[in-house]
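# An overview of the molecular structure
One-letter residues, chain by chain:
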Amino acid sequence: MRQRSSHLNSKQTKALVLKVVAFALLAVVVGRLFYFQVWHGRAYAEQAKHNRVRLEILSRIRGRLLDRNGQVVAENIPSYCLSFDPYEKQFVSKDVEVDEVLVRISELLGLERLEEWRALVERGKEVPFRPVRLMCNLDITQISIIKENRARLPGVRIEARPRRHYPNGELACHFLGYVSEVTGTELKASGEDVYQPGDTAGRTGVEGGKEEALRGRNGKEYVEVDACGRKVQPTPDRPPLPPKEQPAAGKDVVLTLDLGLQRAAEAALEAYQSGAVVIVDPRDGAVLAVVSKPGFDPNQFSVGLSPEEWNQLNSHPLHPLLNRVTQALYPPGSTLKVLTAAAGLEENATAHEGHFESCTGSYRFGRRVFRCWREQGHGRVSFNKALEVSCDVYFYQLGLRLSIDKLAGYARRFGLDERTGIGISGEKAGFYPTTDWYDRQYGSRKWGKGVLLNLAIGQGEILTTPIELATFCAAIANGGYLYEPYVVRRELSYGSQWSAEARPLRRKARAFVGLSESTFAALRRAMEDAVSGIQGTGRLAAIPGIRVAGKTGTAQNPHGEDHALFVGFAPAEAPEIAFAIVVENAGHGGSVAAPVAGRLLRAFFHLPEIAHADTTQSEGSLETE
Amino acid sequence: MRLSDIEKRVDLSLIACALILSGIGVALIYSTGQGPLAASRVGLYFKQLTWLGVGLGALSVAAALPLRIYDGFAKILYLMAIVLLVAVLVVGETRYGARRWLDLGGFLFQPSEFAKIAVILFLGRILSNRRTDWTTFRSLMLPVAVTLIPLALIFKEPDLGTGFSLVAILFGMLYWAGVPALNLAVLVLPVVSMLCSFWGWVWLIFFGAQWLILHRSRLSVVHYVFVMIGNGALGTATNKVWNSLEEYQKERIISFLSSGVDRMGAGYQAVQSKIAIGSGNVIGKGFLNGTQKSLAFLPQQHTDFIFAVLGEEFGFIGCCVVVFLYAVIVWKGISIAARARSRFGGLVCAGVVSMLLYHAGVNMLMTLGLAPVTGLPLPFLSYGGSALIVSLAVVGAMAGIAGRLHEY
């Protein structure tokens, strides 16, 4: 045995074995070559001469988007496209020149797009037998002109293709996103299995986020074609072609969107040029409405934007493509007094309020004077009253009992310095400064302690997105659970029915803000008083029969008029919605943003709208921060 | 230095074969750039010529370096390869859904090609240790681990074709190191069991064969029973798990197994490739005259399916010449391995031969419809800088070893 194994392991034997393996492998290759090229050579040569296999792509259909009650918010409608096959028989046989036909089309339709078409055809020629799409969305006159002149237009076909359609136009455009044709780089990166030239892909919003589920899968069919690319019947003695693969439609996606509420929210912002509203369900983080004003019509993208239209959208001073709910950072103003209040309660700083100076309209700190928004002052106020009337002087003093880093720590616990994780791309994270940050920014001890006072009333360098404010509010409403906001409720197979089902889902919270129950209760009470109290700054958000909690905010804006903010939730005893409202350059939170909240809440609780005149009247008499 | 002097130091015929193959490759790439539909491939032959120039430099350096340098740098090269493979997963460029390339200022570098050299050298270093008893199973743990780490990273890209070339390298080198063939068979048993479990009677035959192999290997009875039960359980589990999968999950696995390949066209490519090769007949249609090449669109005719272009334009004779050139390289490589006095040198030759044979064999069988379509270049012929440079460099190394057989 020993001897045999050493014999087996000698180099010469091993070399021989390896050589035999290599020889066998290469012999199989040569044998197979012989089989194809010599044995069946003639048959293959014949086949090569007359037949070619062509792969035809069977287009898929994109899944629809439904709101939480099953109403369709994005669907597909047929659109007629003009396609052109530069490998048509008459071109291959040189009876007609490609260019001639292109000129004829442009004359018939009276369009000046010859250069564009020539370039398209030139590029399209790289992939043989695949028709080039010259233009889409033909109207009925154009279709009939083409059909009438069919005889003079070889290679020209009209094909119906699905086009994405948003029946409500601009409504919820930032929530839904839009679709547009895939780019060359995307094609290269994804491979043909995922996208074919001319396919569309979702961009931003749910269209972008759920692209994989929505797009479906293209089918394919192999057809035998002759030298001119015409289909021929497969003959029986040919090797069988791979089987046909049917296309698979994309999934229908049921959103958390509440179309009625979305409509009400957009209507509530009607009077203003720009702003944002986001409404979430504090019980599970479902996003019920996303308004970012100004918006755009996603249908424009399905049809195809001209370069001018695109430039117009892109260079619009108010940035309609920006999703203000997730991508715009606003100074939160007094809405974040709620955070200072929470920190004050938790750190027991409110216990010292007996020693706080009463509000005389300003507060002296060192050599600087910090003003309260109400010049006359609020006098001596308790914690609850301070939040109700939004007394700056009280919060300056509360801030001084805390520290910058303590406040920043609470901001972090509420997730105000990170993305909420909403399933819409491009979300930005908010910012809450720390002492470290000030040191880096201005140099160690080169900045005054006064910044703490500003932070305590939500001014200064703090930045938040509306969705962060809404989740912050939801966490106070539900007793400290930070849910990741979500936008998709379910995926269904294409074309299914969905009946309304409004129950919140059982979800695991992303984080738990571990504050004591009494802190949350105190905050909720104070926020309720801010709406229902006689002096409450958010009085205009009040609606009959429902206990609403909220907090106004007015963010100083260096670029113009102040931003008006309002955050809140309702019903206060068992919250079902939480929301954040920002109205840009519109003035005070109490007079501008609070009435917007009132309109939303009326829509949510199915209360009649109040006449517009009433609002303006009470607005005039209202004293706000 | 006269040619005869150089010949004393390196094996020139080996280098000649590699250069002829590379030349044929450039010519074929030029051919795929001709015709009305070749816009995307025009001028690629010139780029390939440039890589050929770089590759020649790599070949010369590789041939000139003494073996102890390879031995000394093996570990560092291996670590570099791992770092590059991790880098490619983080910042790599994506094509056809696979992340395989690093963008080095316009040149897309494929670290998995570099990893092959690194693995060959590092395995050579490990396996040249004479104090280890390579007939035990325990001794296999280190070389297997050294192969599996880059293998896993390459699979992650994903690039299964190249990943499996590491397996070919490992087995070739283990065999050369003196690991009994039966032990190697035991290593592959689990995989075979997983595959066989899908057909009842094939699986039974597998158990018979397994019993024979284990019976003759040096495993103790306890291990032997353990392996039998383990493989049985693995096979059963594979079958159960697969059958319990949803259709779309199966789809995903299949799509992973064929990753990096334009799957939409894979079945189609196989048909086209067969027609193209078959229609070449004995002498071919002539250089630049391939109709299937220029009209029927093989999407990867200049890379993975270049053998089909060769078959169409140069026929059976042309293909046989190329196969013969591969055979010479492999033959010479094995002979050099057998003659090398240095154990490390012999092992490196064995690894290089395994790698080239795997790449050439599997690629040709793929174009001939006998192997699944997994993106894998044909050494020397396919368009691609990293693969060409690496192939030339390893041939240079072998030629160098041949010229200095007595060097340690």
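The structure under discussion appears in the preceding block.
## Re the overall build of chain A
Across its full length, chain A carries 25 helices and 19 strands. Every one of the 625 residues in chain A was classed for burial, and the buried ones make up 52%. Sequence separation of at least 24 residues holds for 72% of the intrachain contacts in chain A that already meet a minimum separation of 6. If you sum the accessible surface of chain A, you get close to 28,100 Å²; carbon and sulfur atoms cover 51% of it.

## Re the state of the cysteines
Applying the stated criterion to the full structure yields 1 disulfide over all chains. Residue pairing for Cys81(A): its cysteine sulfur links by disulfide to Cys136(A), the two sulfurs lying 2.0 Å apart. Across the S-S bond linking Cys81(A) and Cys136(A), the dihedral sits near 95°, which makes this disulfide right-handed. In this pair, Cys81(A) is assigned in strand β3 (residues 72–84) and Cys136(A) in the loop between β4 (132–135) and α7 (140–148), connecting sequence segments 55 residues apart. What makes Cys81(A) buried here is its relative accessible area of 1%. A relative accessible area of 29% means that Cys136(A) is categorised as partly exposed. Cys359(A) supplies the cysteine sulfur nearest to Cys372(A), a cysteine that is in no disulfide, at a spacing of 3.9 Å. Take Cys372(A): its relative accessible area is 5%, and that puts it in the buried class. Sulfur of Cys320(B): no disulfide; nearest cysteine sulfur belongs to Cys319(B) and is 7.0 Å away. A residue is classified by how much of its surface remains accessible, and Cys320(B), at 23% relative accessible area, is partly exposed.

## Here's the deal with α7(A)
All names here are of chain A. What α7 keeps buried is the set Gln 142, Ile 143 and Ile 146. Each buried residue of α7 sits inside an arc of 100° when the element is viewed along its axis, so together they form one side. Away from its buried face, by an angle of more than 90 degrees, α7 presents the exposed residues Ile 140 and Glu 148. Elements that come into contact with the buried residues of α7 comprise β3, α5 (98–109), β4 and β5 (156–165).

## As for a nonpolar patch on the surface
There is a patch of nonpolar side chains on the surface, built from Phe34(A), Tyr35(A), Val38(A), Trp39(A), Val282(B), Ile283(B), Ile317(B) and Val321(B) and spanning about 780 Å² of accessible area. Elements with a contribution of two residues or more to the nonpolar patch: α2 (11–39) of chain A together with α14 (306–339) of chain B. The biggest single contributor to the nonpolar patch is α2(A), with 4 residues. Mapped onto the elements of the fold, Ile317(B) is located in helix α14.

## Remarks on the environment of Pro331(A)
All names here are of chain A. Among the structural elements, Pro 331 can be located in the loop between α15 (324–327) and α16 (337–346). Put simply, Pro 331 and Gly 553 are 222 residues apart on the chain and 9.5 Å apart in space, counted from C-alpha to C-alpha. Those residues in contact with Pro 331, other than ones at most four positions away along the chain, are Ile 462, Leu 463, Ala 555, Gln 556 and Leu 565.

## Quick notes on unusual backbone geometry
Outside of glycine, negative phi angles account for most residues, and trans bonds account for most peptide bonds. Residue and element names in this part refer to chain A. The peptide bond linking Lys 293 to Pro 294 adopts the cis configuration, its omega dihedral lying at -5°. With an omega of -15°, the peptide bond running from Ala 570 to Pro 571 counts as cis. With respect to the helices and strands, Pro 571 occurs in the loop between β18 (563–570) and β19 (577–583). Within the chain, Thr 204 stands out as a residue other than glycine whose phi angle is a positive 50°.

## Overview of the nonpolar core
Counting residues in each nonpolar core, the largest one holds 121 residues, and the members touching the most others are Leu33(A), Phe307(B), Tyr326(B), Ile329(B), Met364(B), Phe380(B) and Leu381(B). At 18 residues, the largest contribution of residues to this core is made by α14(B). Among residues more than four places away in sequence, those in contact with Leu33(A) are Val38(A), Ile277(B), Phe307(B), Phe316(B), Cys319(B), Val323(B) and Leu368(B). Counting residues in each nonpolar core, the second largest holds 100 residues, with Leu313(A), Val389(A), Ala549(A) and Val567(A) among its members.

Conventions we followed
The residue numbering used here restarts from 1 in each chain and proceeds along that chain's sequence as written. Numbering of ligands from 1 and lettering of chains from A proceed in the order in which they are written. Confidence filtering applies because this is a predicted model: local features only for residues at pLDDT of at least 70, side-chain atom pairs given and counted only at 80 or more, and all residues used for totals across whole chains, interfaces and linings. Side-chain numbers come from the whole structure's heavy atoms, not from hydrogens or water. Working definition: helices are DSSP H or I runs of at least four residues, strands are E runs of at least two. Numbering for both runs from the N terminus. Residue burial is assigned from relative accessible area. The probe radius is 1.4 Å, only protein chains are included, and a residue is buried under 20% of its type maximum, exposed over 50%, and partly exposed in between. By definition, residues are in contact when any of their heavy atoms lie within 4.5 Å. For the accessible areas, the method is Shrake-Rupley and the probe is 1.4 Å, while residue cover comes only from the protein chains on display. When two cysteine sulfur atoms are found within 2.5 Å, that pair is recorded as a disulfide. The directions considered for the arc are those from the helix axis to the C-beta atoms. Candidates for patches are residues over 30% relative accessible area with no salt bridge; among them, like charges are joined within 9 Å and nonpolar side chains (Val, Leu, Ile, Met, Phe, Trp, Tyr) within 5 Å. The salt bridge definition used is simple: a Lys or Arg side-chain nitrogen within 4 Å of an Asp or Glu carboxyl oxygen. By nonpolar core we mean a set of buried residues, namely Ala, Val, Leu, Ile, Met, Phe, Trp, Tyr and Cys, connected to one another through side-chain atoms within 4.5 Å.

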